[in-house]
Each structure stands twice: as structure tokens, then as C-alpha cells.
Amino acid sequence: MAKILLVDDAAFMRMMVKNSLTKGGFADCTFVEAQDGMEAVKKFDEESPDLVIMDITMPNMDGLQALKKIREGHPEAKVVMCTAMGQESMVVDAIKSGAKDFVVKPFNAERITSTVKTILGV
């Protein structure tokens, strides 16, 4: 099954995404976690995940910067960005920078599951 990197500075948000995906048919996945963009870049290099689900607003290095860094070294990387309502300009920047899709917080479990299924082709 797939390896998914969950990136959010809030541990409860990483847990919510993990729980939604586990209940949505991804119980066999390996989940790797990072709490900011700097850690996400490092973990991507170490773990080579099939998919990254990453918050935009984080300390140290935000999700847009991390997306660009990851895609520099791994142009094939599949990244889904998470955004709060009202961050439409950041979503546009993320898509232009190579993000495959985005999910709006608060999460809808079905939306996140269907997005992951579509991007991973399952």
C-alpha cells in the first residue's frame, strides 16, 4: 500500500487526516509525519512517500516553500495542499508550483479520501 507524508504544525490535524484516510480505505498505508516545511523536505528525501498532504501555514518554512523545495529535487512528487478558508491566492500559487490538488479546512473526510484515491489512482 501507499506511503503518505502528513505535514501540519498541529498534531491533532495530522491525526484527523490519518483517521479519515484509515476509515476511508487506507488502513494499510504507512503514514509518516512532519510538523513544518523544513521537516517535510527532510522526511520526503528520507522516506520517498507516494503522496504528501501538507498545510500551507506553518512555522519555520511554510507549505508553499516546502512544496517548491520538494518539487525542485523531485518533480514527480504528488502533493495535496491544505488551506483554511480565505487563502485562495495561496492555493493558486500552490497549483502553479506543482500541487496536484487542495483540500479546505475544516476537513470533510469524504473529500480528503476521494482526493487521495484520485491522485494515487486507486
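Residues numbered from 1 in each chain as written. Predicted model: local features only at pLDDT ≥ 70, side-chain atom pairs only at ≥ 80, totals over all residues. Heavy atoms only, no water.

Visitor: Looking at this structure, how should I read the UniProt feature "modified residue: 4-aspartylphosphate" (unreviewed entry) in the chain?
Guide: UniProt records the feature "modified residue: 4-aspartylphosphate" (unreviewed entry) for D55 in the present numbering. Structurally, D55 is set in strand 3 (residues 51–55). Beyond its immediate stretch of four places on either side in the chain, D55 contacts V7, D8, D9, G63, M81, C82 and K105. (UniProt positions renumbered as here; feature names shortened; annotations may be inferred. Helix = DSSP H or I, 4+ residues; strand = E, 2+ residues; numbered from the N terminus. Contact = heavy atoms within 4.5 Å.)

Visitor: How do you make sense of the pattern of salt bridges when you look at a structure like this?
Guide: Side chains carrying opposite charge are able to pair once their charged atoms draw close together. Enumeration over the complete set of coordinates arrives at 8 salt bridges. The partner of D8 in a salt bridge is K105, and the shortest N-O contact between them spans 3.0 Å. Note that D8 is positioned in the loop between strand 1 (3–7) and helix 1 (11–26) and K105 in strand 5 (residues 101–105), a separation of 97 residues in sequence. When its relative accessible area of 5% is taken as the criterion, D8 is described as buried. K105 is paired through a salt bridge with D55; the nearest N and O atoms lie 3.2 Å apart. Separated by 50 residues along the polypeptide, K105 in strand 5 and D55 in strand 3 bring together distant segments of the chain. The two residues K105 and D55 agree in class, both being buried. Overlapping salt bridges bring together D8, D55 and K105 as one network. (Salt bridge = Lys/Arg side-chain N within 4 Å of Asp/Glu carboxyl O. Buried < 20%, exposed > 50% of the residue type's maximum accessible area, 1.4 Å probe, protein only.)

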